[in-house]
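Observations on chain architecture
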Amino acid sequence: MSMQLAQLPPLSLYVHIPWCLRKCPYCDFNSHEQRGDLPEAQYVDALIADVEASFPKVYGRRLQTIFIGGGTPSLFAPASIDRLLVGIRTRLPVEPDAEVTMEANPGTFEVERFRGYREAGVNRLSLGVQSFDDARLAAIGRVHGADEARRALDAALTIFPTVNADLMYALPGQSPEGALADVREAVERGAPHVSAYHLTLEPDTNFFRFPPQLPAEDVAADMQEGIEALLAAAGYEHYETSAFARPGQRARHNVTYWTFGDYLGIGAGAHGKISFRDRIVREVRERKPLGYLKAALEGDAVWETRDVAEAELPFEFMLNALRLTEGFPVTLFAQRTGLALNAIEPQLAQAERAGLLERDHARIAPTARGQRFLNDLLEVFLAAPAAEPRSRVISISSRGTARP
Ligand code: SF4
């Protein structure tokens, strides 16, 4: 019997702006160094054309959240973000209290700019602080210094209803005290949401080709434990692998990903997941910025579409939902995948026996060990090789943006 969804999941919109001032040596996102003037107005036209072309796929559904990520969206002028959000709102219904997040790099910070984004309707700013230590920022090739990050964070906290501070740890030359000092400063400055990512060396990055000296694995694990303890003591809920929030401040957009909700992804290289009653579709947009621009303006920016095979759904669901430290309600699996939970009973039992997962009548959650060894836990849910060729597994990066 094939999958059937009783109801469609919540829908979000992800918008990708693919340019940055400079490419950071650790970054494997679809971001391109700005050379000369950006085709900003044309790109906004292309995004709006993309929304319009996508309309039939999400007809009648309301956007719960919008996330403008990148790249560095704050390279775009507030007037462009305003035009983009008006273009979206006039084409797709948006919940009145929708969370509208935008990413910003402290290297682009100006108070007036931030005010302009707020006036355009952005109600949550996600700031790429990474560290408050100039030497660490230089070591990871960031374009901004610690004082710029401080000024940008302080201003964001006065301008936006809510703010996330992105931090990274296990940086070249970083001590455990240094990692904790960064987190402590974000707390003391008042960030209600902190994302703390472990620096990893991803293929196709300069750091992968020329690896810097990084803290040893056990030192990095101690940093992680120290960060978790510090944030817990300060009243933050550790609700996802890398995400910490004061009560009521969780990132609704990312929670849509982690609860296997739907998201339309527009912009160069953006990924989307859209459910229909009898199938779940993944889409990828043209990756190169200028190629995307042209394709979107011509009315079809989708580079790849594929139905997610039924055999892959349990793994895809778990890949997201098991990032949530509190796990998920048992009913969510059937709601989102259209499959009966007992279809994965052997895997659930296996993970439970291994001490990686715990469950009762209401919830299924990773244990502390399962959170720590998340890959081992996820492996349990990998489908056996199917008769048909397996399609590509798409993972959700730690930033919450889908990437292959
Ligand atoms: S880490 Fe952020 S600022 Fe750096 S290149 Fe990647 S997307 Fe751009």
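Let me begin by describing the structure that accompanies this report. Keep in mind that this is a model prediction, so the values were computed, not measured.

Conventions we followed
- Within each chain, residues carry numbers counting from 1 in the order of the written sequence.
- Given that the model is predicted, a residue must reach a pLDDT of at least 70 before its local features are reported, and side-chain atom pairs must reach 80 or more before they are shown or counted; all residues, however, enter totals for whole chains, interfaces and linings.
- By convention in this description, side-chain values take in all heavy atoms of the structure and omit both hydrogens and water.
- A single heavy atom is enough: if one lies within 4 Å of a molecule or strand, its residue is considered near that molecule or strand.
- Following the grouping adopted for this structure description, the nonpolar residues are Ala, Val, Leu, Ile, Met, Phe, Trp, Tyr, Cys and Pro, the charged ones are Asp, Glu, Lys and Arg, and the polar ones are all others, Gly among them.
- Secondary structure counts use DSSP, requiring at least four H or I residues in a row for a helix and at least two E residues in a row for a strand, with both numbered from the N terminus.
- Here the expected span of a helix is defined as 1.5 Å times the quantity of residues minus one.
- For the exposure calls, accessible area comes from a 1.4 Å probe over protein chains only, and a residue counts as buried if that area is under 20% of its type's maximum, exposed if over 50%, partly exposed in between.
- We call two residues in contact whenever any of their non-hydrogen atoms come within 4.5 Å of each other.
- Stacked, tilted and edge-to-face are the three classes assigned to paired rings of Phe, Tyr and Trp, where Trp is represented by its six-membered ring and a pair needs centres within 6.5 Å; plane angles under 30 degrees give stacked, over 60 edge-to-face, the rest tilted.
- Think of it as a cone above the ring: NZ of Lys or CZ of Arg counts as a charge over the ring if it is within 6 Å of the ring centre and within 35 degrees of the ring normal.
- Note on pairing: two strands pair once DSSP finds at least 2 bridges between them.
- Residues enter a nonpolar core if they are buried and are Ala, Val, Leu, Ile, Met, Phe, Trp, Tyr or Cys, with the set joined through side-chain atoms within 4.5 Å.

1. Remarks on the site of the ligand
The environment of the ligand is formed by Cys20, Arg22, Lys23, Cys24, Tyr26, Cys27, Ser31, Gly71, Thr72, Asn105 and Arg142. A breakdown of the residues in the shell around the ligand according to their chemical character gives four nonpolar, four polar and three charged.

2. What to know about helix H8 (residues 217-233)
Here H8 spans 24 Å end to end across 17 residues, near enough to the 24 Å set by a 1.5 Å rise per residue. Residues Ala220, Ala221, Met223, Ile227, Leu230 and Leu231 constitute the buried set of H8. Taken together, the buried residues of H8 touch strand E7 (162-169), helix H6 (176-189), strand E8 (193-198), strand E10 (243-245) and helix H14 (368-372). Positive backbone phi, approximately 95°, marks Gly235, located one or two places after H8.

3. Examining the environment of Leu201
As for its placement among the helices and strands, Leu201 is situated in the loop between E8 and helix H7 (206-209). Distance from Leu201 to Pro314, taken between C-alpha atoms, is 28 Å for residues 113 residues apart in sequence.

4. Observations regarding the packing of aromatic side chains
Given two aromatic rings, one states the distance between the centres and the angle between the planes to describe the pair. Evaluated as defined, the whole model comprises 14 aromatic pairs. A centroid spacing of 4.7 Å and a plane angle of 80° characterise the contact between Tyr257 and Tyr263, whose relative ring orientation is edge-to-face. For the pair Tyr257 and Tyr263, a shared accessibility class is recorded, and that class is buried. Members of the aromatic cluster, each reached through a chain of ring pairs, are Trp19, Tyr43, Phe76 and Tyr292. Taking NZ or CZ as reference, Lys273 lies 4.1 Å from the ring centre of Phe260, over its face. The ring of Phe276 is capped by Arg279, whose NZ or CZ atom sits 4.4 Å from the centre of that ring.

5. Description of the sheet that holds strand E16 (residues 357-359)
Spatial strand order, E15-E17-E16: three strands in an open sheet with antiparallel pairing. Only two strands of the sheet have a single neighbouring strand rather than two, namely strand E15 (328-329) and E16. Note: E16 against strand E17 (residues 363-366), three bridges, orientation antiparallel. Counted as the bridge partner of Leu357 is Pro366 from E17.

6. Details of H6
The periodicity of an α-helix, 3.6 residues per turn, causes residues three or four positions apart to be oriented the same way. Between its terminal C-alpha atoms H6 stretches 20 Å, which fits the 20 Å expected from 14 residues at 1.5 Å a residue. Looking only at H6, the buried set comprises Ala179, Asp182, Val183, Glu185, Ala186 and Val187. Close packing links the buried residues of H6 with strand E6 (124-130), helix H5 (146-159), E7, E8 and H8. A positive backbone phi angle near 105° is found at Gly190, which sits one or two residues after H6.

7. A word on unusual backbone geometry
At the junction of Gly70 and Gly71, the peptide bond is cis and its omega measures out at 25° in the coordinates. With respect to the helices, strands and loops of the structure, Gly71 is situated in the loop between strand E4 (63-70) and helix H2 (78-89). Not every positive phi belongs to a glycine, and Gln130 is a case in point at roughly 70°. Counting through the fold element by element, Gln130 comes out in strand E6.

8. Examining the environment of Ala179
In this fold, Ala179 is placed in helix H6. Each C-alpha atom, one on Ala179 and one on Phe381, is 34 Å from the other, the two residues being 202 residues apart in sequence.

9. Observations concerning the nonpolar core
Ranked by size, the top nonpolar core spans 71 residues in total, and within it Ile66 and Phe114 carry the most contacts. Not counting chain neighbours up to four residues away, the residues in contact with Ile66 comprise Leu13, Val15, Leu85, Ile88, Val94, Glu99, Val100, Thr101 and His253. With 28 residues, the next largest nonpolar core counts Met3, Val308, Leu313 and Ile344 among its residues.

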